[in-house]
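Chain residues, written in single-letter form:
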Amino acid sequence: MDKTYDHRLESKIYALWENAHAFEPQGDGEPYSILLPPPNANASLHAGHAMYVIEDILVRWKRMQGYKTVWIPGTDHAGYESQYVYEKHLAKQGKSRFDFDRETLYNDIFTFVRENSGLIEDQLKKLGFSLDWSRKTFMLDSHVVETVYKTFEKLAQDGLIYRDHYIVNYCPKCGTTFADLEVTYKDQQDPMYYIQYGPFVIATVRPETMYGDTAIAVHPADPRYSAWIGKSVEVEGPLGPTTLPIIADDEIDMAFGTGVMKVTPAHDPHDFALAKKHHLPVISVINTRGKIELSAVSNLSNTNARAETTSTVQNLSTADARKKVVEYYKEKGLLVKIDEKYTHRVAVCYKSGHLIEPLVLPNWFIKMKPLAEPAINAVRTGKVKFFPTRFESQYYEWLGKFIDWPISRQTVWGIRIPVWYSTTENPDLAITYLSKTGERITGTAQELLATTSLEEIAKGLQQLRAPITAKYVISSTKPSDEYLPETDTFDTWFSSGQWPLTTLKYPEGEDFKTFYPTAVLDTMWDILFFWVARMIMLGLYMTGEVPFKTVYLHSMVTDEKGQKMSKSKGNVINPIEIVDQFGADALRISLVAGSTPGNPIAMSREKVKGYRNFSNKLWNIARFFIMQQEKGLEESGDSSAIVETSAQIIEKTNTLITSVTKNLDRFRFSDAALELYDFIWNDFANTALEQAKEFMHQKETFEVFFETYLTCLKLLHPFMPFVTESIWQELGTAKLIDRTLLIQTAWPTQKRAKMIK
RNA sequence: GCUCGCAUAGCUCAGUUGGUUAGAGCGCACGAUUCACAUUCGUGAGGUCCCAAGUUCGAAUCUUGGUGUGAGCACCA
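As a starting point, this report considers the structure included with it.

Parameters and conventions
- Residues numbered from 1 in each chain as written.
- Chains lettered and ligands numbered in written order.
- Predicted model: local features only at pLDDT ≥ 70, side-chain atom pairs only at ≥ 80, totals over all residues.
- Heavy atoms only, no water.
- Helix = DSSP H or I, 4+ residues; strand = E, 2+ residues; numbered from the N terminus.
- Buried < 20%, exposed > 50% of the residue type's maximum accessible area, 1.4 Å probe, protein only.
- Contact = heavy atoms within 4.5 Å.
- Areas by Shrake-Rupley, 256 points an atom, 1.4 Å probe, with all protein chains shown as cover.
- Lys, Arg positive; Asp, Glu negative; His and termini not counted.
- Charge placed at Lys NZ, Arg CZ, Asp CG, Glu CD.
- Pairing = 2+ DSSP bridges.
- Axes fitted to C-alpha atoms, helices over the stretch in contact; angles between N-to-C directions.
- Near = heavy atom within 4 Å.
- Polar contact = N/O pair within 3.5 Å; in protein donor to acceptor, adjacent residues only side chain to side chain.
- Nonpolar A, V, L, I, M, F, W, Y, C, P; charged D, E, K, R; others polar.
- Left-handed = near helix turned anticlockwise from the far one by under 90°.
- Phe/Tyr/Trp six-rings, centres within 6.5 Å; stacked < 30°, edge-to-face > 60°.
- Lys NZ or Arg CZ within 6 Å of the ring centre and 35° of its normal.

### Some details on the overall build of chain A
Part 1 of the reasoning: Secondary structure assignment for chain A yields 25 helices and 28 strands.
Part 2 of the reasoning: Taken over the C-alpha atoms alone, chain A extends approximately 115 × 60 × 50 Å along its principal axes.
Part 3 of the reasoning: Counting across all 757 residues of chain A, residues that qualify as buried make up 56%.
Part 4 of the reasoning: For chain A, the proportion of contacts with a sequence separation of at least 24, taken over those separated by at least 6, is 79%.
Part 5 of the reasoning: Summed over all atoms, the accessible surface of chain A reaches about 32,700 Å², with 49% contributed by carbon and sulfur.
Part 6 of the reasoning: Distance from the positive charge centre (84 side chains) to the negative charge centre (94 side chains) of chain A: 2 Å.

Shown next, in the form of C-alpha cells:
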C-alpha cells in the first residue's frame, strides 16, 4: 500500500461500481428516486454541475439504507442554445440557417450535437456520480417526443391552448421569439427626439415606429391636456397628415417628457397593452428581419405622400429609417429638440446581445391559471417543500401572476409543434421555402401553389406563418397530402418541464409506477420559474400528483473571490482541472462543507487542497491498521488500561451515527460533512488513536478502533466515495474485511460494542 | 422602482428552536520530528458578531430603523 493516496485511481473504482451494476435499483425496499437536471447535450461540464454532488450524497446514502434507489441521467437538446452554437459553426463556413430547409438543418444539427455529446457523460463519471446510465434519456428520444405530444393534445382538448397575436420579444438576429424571462436589459444612451405632433410635442427615441402610431395618450388628470381627451387631432405623420384619437390612461407619467405619449401598439409592449385596453388598431411596420415594412399601413389620408415616402424607407433597417424620419421632421420644421444624452434600458437577446424588437406575431399560448393554481396549492399544503423555504414566497409571487405562457419558438432544433395546416382551407398561409435550385422564395400558399407543387414546397420548407384564424389539425403525423406542418417548435422548457414524466416513461412505464413522484429535485434557484414551477404544473396536470416532494435549491458556485463565474469575466474554473489536481472527493466535500442552500459557495483551490489532505489522512489510518495487523495481534492481555478510551470512542461513534443521519435527513449536508471531518481527524486519529497506540497490538483494542474506522468509512462514503471505496478494497486485499463493495454495504446504526464488558 | 438574501477572526465561511468561555478551514507566530501520514503533529495569538434603538432575567440569534453588499422581478415614451 502506497504511502499516500493516489486519486488517479478513481476511474478504476468507478468501473468497479459500474461492472457490479451498483447504480441500478436493487431489492424490494421503498423506492427512492432523483432525476439529474439534464445538462445540454453538446456542452461540457461547468462548475455548477459539480453541485449535483448533493444528489449523489442523497442516493448513495439512501442506497446504503436499503431503499430501492435510482438516480437517472439525461441530456437536454437545449433548443435555441444549441442551434445558436451550430449557427456559429455554420458561419465559419460562410453559411447561415437560411441556406437549408428545415429537415436538412435539423438533421445536421442532430449530427453536430451527437458528435459533441458524450463528453459531459465522462465528466459526470469523473465526479463519481452514481447515475444509472442504463436509463439515460435524451430530450429528443422518440418516447420523450411522444409524451410531449400527448401533453399538448390534452392541453388542447381541455381548451388550454390558444393562438393569438401577441407582442413578443423577437431577436431578428436569432430569428426567434423569447419569453420575458429570457430577455436581459442593458443601459444605453440614445438621442431622444422631441417632435411637434399636431398640437402637442411628443418625446421618442424611436421615431421610425411612428408609421405604426394609432393614438396619442395623456394622463386623465393632466390639466394641460384634459380638454383634448376623447377628441381626435390631425398630426403630421411620417407619411403625411393623419388623424389620431387622444386617449387618457393612468399609466402615463405626467412628468416624463412632455406628458404626451404616442401610442405604437405593434412595437412596444406597454403600448400594446394600452391598445388592448382602449381597442386601438395594431399596425406592424417592422418585420421579423428587423426591417421597415409598411404593407400593413392603411388608413392614410395622404396617399401621394405615402407612395413617395414609403419607397424611401421600405426595407431599411430601423436605424436607417430613424435617420430618414428625423430628417423628414427637421425639413418640415417640426423637430423641436434633441436630447443627445438620454439614457434608458433596452431589451437585448441574452445570447446574441442583439436588440430585442418587440413585434406582434401569431403565437401559441398555454393558459396558466388552471395549471398554476394547483401548483400553488401543492406548495401551500406542503406536498412540495422548499429548502430553503424563503423561495416559496418567490414561487407564489411568480405563479400567482398567471401570465399565459408563449410556447412557440421559431427555431428548427427542437420538438416541432404537432400541428398541420390545410393549404386548401388556408390559402393565406405565409410560406418561405427553398426551391429546387436553392432559391429562397416567400409568398402565400395560394400564390406559390399556382406555380409550384406542394411537394416541392414541403421539401424545401423553411418557415410557415399561419394567421391566427387559420384552421389546424393536431397530429403527430401528416394528416393527408394537402397539409403543411407548423414550423414553430416548443419552448425548451415545455419539454423539460415534463422531465419527470418522460424519463420515467409516463404513463405505462414500470419506472413511472415505481418511482413517481420522485423524492428530491435539486437544482439552482435561477431556474426555479423556468423549470421547477413548470414541472410541478405539468406533473400535476398530467398525473394529479406532484413530480417531487422536496425542492432543494443548492448553492451557486462562484470563483475563489466569490464572484459569479462568467466567460466575459474570464474567471471560469473548470472543475475537471480541479479533479485532476486534487481528486473528485476533495472537490466534492469542499463544495458541501461550509455551504448553505440558497447562498453562494466559492470554489477555492486552497480549500480543495485541505480536503485532499483529508483523503490522505483517511488513507494512512488504513495503512496503520494494516501494518499493525501484519505485525501480529495478541489474543489476550490486560486491556484494562484502554477500556475507558475504547468506551469513549464507541460512545462518540454512536453519537456521530445519529447526528450524521439526522443531518442528512434534514438536508444539512454541511453539518454532516464537517462533523465527519472533525471526528475522524481530531477525535479519532489525533486523540483516541494516539492514546491507544501502545495498546493496539491487543486484539480487543484493535477491534474496537478498527470497527469505528469502518463505520467512519461508511458514513463518509456518500461524500467521498472514491477514497473510501479504495480503502475498502485495500482492506479486503489485506484480509482485514471480507471482499465486498463499500457502496453496497449497509448504513451504520448504533451498536453496543460487544468487546466492552 | 418592488421583493428577497447576506454582513461573525487577516481571508473564506459555519453557528438548527434566544441560554455556559462565539466555532472551523486557510493564513500567521512558536515549537516537534526518522512513529500510519511533512498532504504530519503540538501550542498560541487573533472577535465592538456592521451601526443605533427596542423586546427579554439573558440577544450573534427576535423586532424596528439605518448603512454597506449581492441576487431576483419589473421597467418608463
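Structure shown, so let's carry the discussion forward.
### What to know about the side chain of H7
Part 1 of the reasoning: Structurally, the position occupied by H7 is in the segment before α1 (10-19).
Part 2 of the reasoning: For H7, the contacting residues outside a window of four places in its chain are V579, D580, Q581, F582 and G583.

### Concerning the sheet that holds strand β18 (residues 419-422)
Part 1 of the reasoning: On the basis of which strands lie adjacent, the open sheet formed by 3 strands has the order β22-β18-β23 and antiparallel pairing. The sheet is open, and its two borders are formed by β22 (472-474) and β23 (483-485), each paired with just one other strand. Here the strands of the sheet are splayed against their neighbours by 35 degrees on average, with no regard to which way each runs.
Part 2 of the reasoning: As paired elements, β18 and β22 share 3 bridges and run antiparallel to each other.

### Describing the protein's contact with RNA strand B
Part 1 of the reasoning: Close contacts around RNA strand B come from 38 residues, with D253, F256, Y342, N620 and W681 the closest.
Part 2 of the reasoning: Of all RNA strand B atoms lying within 4 Å of any protein atom, the proportion belonging to sugar or phosphate reaches 63%.
Part 3 of the reasoning: Contact between RNA strand B and Y342: a phosphate oxygen at 2.2 Å from a side-chain N or O atom of the residue.
Part 4 of the reasoning: N620 places a side-chain nitrogen or oxygen 2.5 Å from a sugar or linking oxygen of RNA strand B.
Part 5 of the reasoning: When contributions to the surface near RNA strand B are tallied by element, the ones reaching two or more residues are β8 (200-204), β13 (335-349), α21 (605-631) and α23 (669-692).
Part 6 of the reasoning: If you tally residues by element for the surface near RNA strand B, the top one is α21, at 9 residues.
Part 7 of the reasoning: Residues of the surface near RNA strand B, tallied by class, amount to 14 nonpolar, 10 polar and 14 charged.

### Some points on the pairing of strand β1 (residues 31-35)
Part 1 of the reasoning: Burial analysis of β1 places 4 of its 5 residues in the buried class, the great majority of the element.
Part 2 of the reasoning: Alignment of β1 against strand β2 (residues 68-72), held across 5 bridges, turns out to be parallel. Counterpart to Y32 in the pairing with β2 is T69.

### Notes on the pairing of strand β9 (residues 215-218)
Moving residue by residue along a regular strand, the side chains alternate between the two faces of the sheet.
Part 1 of the reasoning: Neither face of β9 is exposed, since A215 and A217 on one face and I216 and V218 on the opposite face are all buried.
Part 2 of the reasoning: As judged from the 3 bridges shared by β9 and strand β12 (residues 261-263), these two strands associate in the antiparallel manner. Bridge pairing in β12 links I216 to K262.
Part 3 of the reasoning: One ladder, built from 3 bridges, connects β9 with strand β11 (residues 240-248); its direction is parallel. Directly across from V218, in β11, lies its bridge partner A248.

### Focus on the packing of helix α24 (residues 699-716) against helix α25 (residues 721-733)
Relative orientation and spacing of two packed helices are given, respectively, by the angle between their axes and the distance between those axes.
Part 1 of the reasoning: Between α24 and α25, whose axes approach to 9 Å, the crossing angle comes to 145 degrees. Judged by the twist between their axes, the crossing of α24 over α25 is left-handed. Listed contacts from α25 to F706, Y709, L710, L713, K714 and L716 of α24 are T724, I727, W728 and L731.
Part 2 of the reasoning: Residue composition of the contact of α24 with α25, grouped by class: 8 nonpolar, 1 polar and 1 charged.

### Things to note about the packing of aromatic side chains
Part 1 of the reasoning: Across all of its chains, the model carries 47 aromatic pairs by this definition.
Part 2 of the reasoning: Aromatic pair Y32 and Y67: ring centres 6.1 Å apart, planes at 65 degrees, arrangement edge-to-face. With Y32 in strand β1 and Y67 in the loop between α3 (53-64) and β2, the pair connects residues that are 35 residues apart, well separated along the chain.
Part 3 of the reasoning: Look at Y32 and you get buried, because its relative accessible area is 8%.
Part 4 of the reasoning: By relative accessible area, which is 22% here, Y67 ends up partly exposed.
Part 5 of the reasoning: Counting every residue linked through ring pairs, the aromatic cluster contains F624, F625, F684, F702, F705, F706 and Y709.
Part 6 of the reasoning: Between the NZ or CZ atom of K62 and the centre of the ring of W61, over which it lies, the distance is 4.3 Å.
Part 7 of the reasoning: For R534, the ring lying beneath its charged end belongs to W405, and the centroid distance is 4.0 Å.

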